[in-house]
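Structure at a glance
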Amino acid sequence: MSLRWNRAVRLQLDPRGVSGSVWQGLWRKVPVARARRLIEVDEELGAPIGDAWLAAAKVAMEQVLDELAGTARLKRALLQVQLSDELVVLDVAVGEFAGHSDRQLQAIAEACSSELLGAAQARPEVRWQLQRDERHLLICALSQRVSALLTEAATHHGMPLASVQPYFLRQW
């Protein structure tokens, strides 16, 4: 029996498509299955995170996960999602943050995100990281609709959603 931490499903989502792979192994994980689906990009689908784009992304994601499930067991595998930078909002706030509580930093991050996105955008999920110098706050905002899409896909296939990262942070 393979332990759940021996398997991981890596899913990459960008405005043009969804890629997925299953990795297995204890010490050195190796890919055992791969799948890719394109998302039709045209004027009708509009910008990423719009209704039509989300519907097309959901279909593409389900097709990728279903194809992977036909090759490898996905249940209880850790789902690791990497999002294109176009699907998130990244910002850096500069100030004197030393001594601020996590709650205060969260409020600052949410205020910065609201300012960038405007009132028209539904309240996004906001995460932040205070840099070592305690003067720079890295902020990442993700649409709740994209987050719900990922959670739904993970639940449907019986996988815990282990991580969601923008491409920028993954490379950093």
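Look a little higher up for the structure.
It should be emphasised that the depicted structure is a prediction, and the values quoted were computed from it without experimental measurement.

Moving on, we come to the overall build of the chain. The number of helices and strands found in the chain is four helices and eight strands. Looking at the 172 residues of the chain, the share that counts as buried comes to 38%. When contacts within the chain are restricted to residue pairs at least 6 apart in sequence, those whose partners lie at least 24 apart make up 63%. Here the chain displays about 10100 Å² of accessible surface, and carbon together with sulfur accounts for 51% of that area.

Let's shift gears to helix H2 (residues 102-117). For H2, with 16 residues, the first-to-last C-alpha span of 22 Å sits near the 22 Å given by 1.5 Å per residue. Regarding H2, the residues found buried are Leu 105, Ala 109, Cys 112 and Ser 113. Along the axis of H2, the buried positions cluster into a sector of 100°, meaning they face one direction only. In H2, the exposed residues that point more than 90 degrees away from the buried face are Arg 103 and Glu 115. For H2, the secondary structure elements touched by its buried residues are strand E5 (88-94), strand E6 (125-130) and strand E7 (136-142). Within two residues after H2, Gly 118 carries a phi angle of roughly 85°, on the positive side.

Along its 13 residues, helix H3 (residues 144-156) runs 18 Å from first to last C-alpha, staying within 8% of the 18 Å computed at 1.5 Å per residue. For H3, the full list of buried residues reads Val 146, Ser 147, Leu 149, Leu 150, Ala 153 and Ala 154. All buried residues of H3 fall inside an arc of 160° around its axis, so they share one side. Structural note: H3 exposes Thr 155 and His 156 on the side pointing more than 90 degrees away from its buried face. Elements that come into contact with the buried residues of H3 comprise strand E1 (7-14), helix H1 (51-71), strand E4 (78-83), E6, E7 and strand E8 (161-166). The backbone nitrogen of Arg 145 has a side-chain oxygen 3.1 Å away, supplied by the residue at the start of H3, namely Ser 143. Two residues or fewer past H3, Gly 158 is found with a positive phi of approximately 70°.

The next subject is the sheet that holds E1. An order of E3-E2-E1-E4-E8 is seen for the five strands of this open sheet, with the pairing classed as mixed. Edge positions in the sheet fall to strand E3 (30-38) and E8, since each of these pairs with one other strand and no more. If you compare each strand with its neighbour and ignore which way they point, the axes differ by 15° on average. Pairing analysis gives six bridges linking E1 to E4, with the strands arranged parallel.

Ranked by size, the top nonpolar core spans 33 residues in total, and within it Val 9, Leu 13, Met 61, Leu 65, Leu 68 and Leu 83 carry the most contacts. Of all elements in the fold, only E1, strand E2 (17-24), E3, H1, E4, E7 and H3 reach the threshold of two or more residues within this core. The biggest single contributor to this core is H1, with eight residues. Within the second largest apolar cluster, nine residues are counted, among which are Phe 97, Leu 105, Cys 112 and Ile 139.

Rules behind the numbers
All chains use their own residue numbering, which begins from 1 and follows the written sequence. It should be noted that, the model being predicted, local features are given only for residues of pLDDT at least 70 and side-chain atom pairs only at 80 or more, the latter also being counted only at that level, while totals for whole chains, interfaces and linings use all residues. Values shown for side chains rest on all heavy atoms present in the structure; no hydrogens or waters enter the calculation. The way it works is that DSSP assigns letters per residue, a run of H or I at least four long becomes a helix, a run of E at least two long becomes a strand, and they are numbered from the N terminus. Note on exposure labels: buried denotes an accessible area under 20% of the residue type's maximum, exposed denotes more than 50%, and partly exposed covers the range between, all computed with a 1.4 Å probe on protein chains only. The contact rule is simple, with two residues in contact once any of their heavy atoms fall within 4.5 Å. All accessibility values rest on the Shrake-Rupley procedure with a 1.4 Å probe; residue burial counts only the protein chains present in the view. How far a helix is expected to stretch is found by multiplying one less than its residue total by 1.5 Å. Each C-beta atom gives one direction from the helix axis, and the arc is the one those directions make. Polar contacts, as counted here, are pairs of nitrogen or oxygen atoms within 3.5 Å of one another; within protein the pair requires one atom able to donate a hydrogen and one able to accept it, and residues that are adjacent in sequence qualify only if both atoms are side-chain atoms. For two strands to pair, DSSP has to find at least two bridges joining them. The angle between two axes is taken between their N-to-C directions and runs from 0 to 180 degrees, where each axis is a line fitted to C-alpha atoms and a helix contributes only its stretch in contact. To qualify as a nonpolar core, a set must consist of buried Ala, Val, Leu, Ile, Met, Phe, Trp, Tyr and Cys residues joined through side-chain atoms within 4.5 Å.

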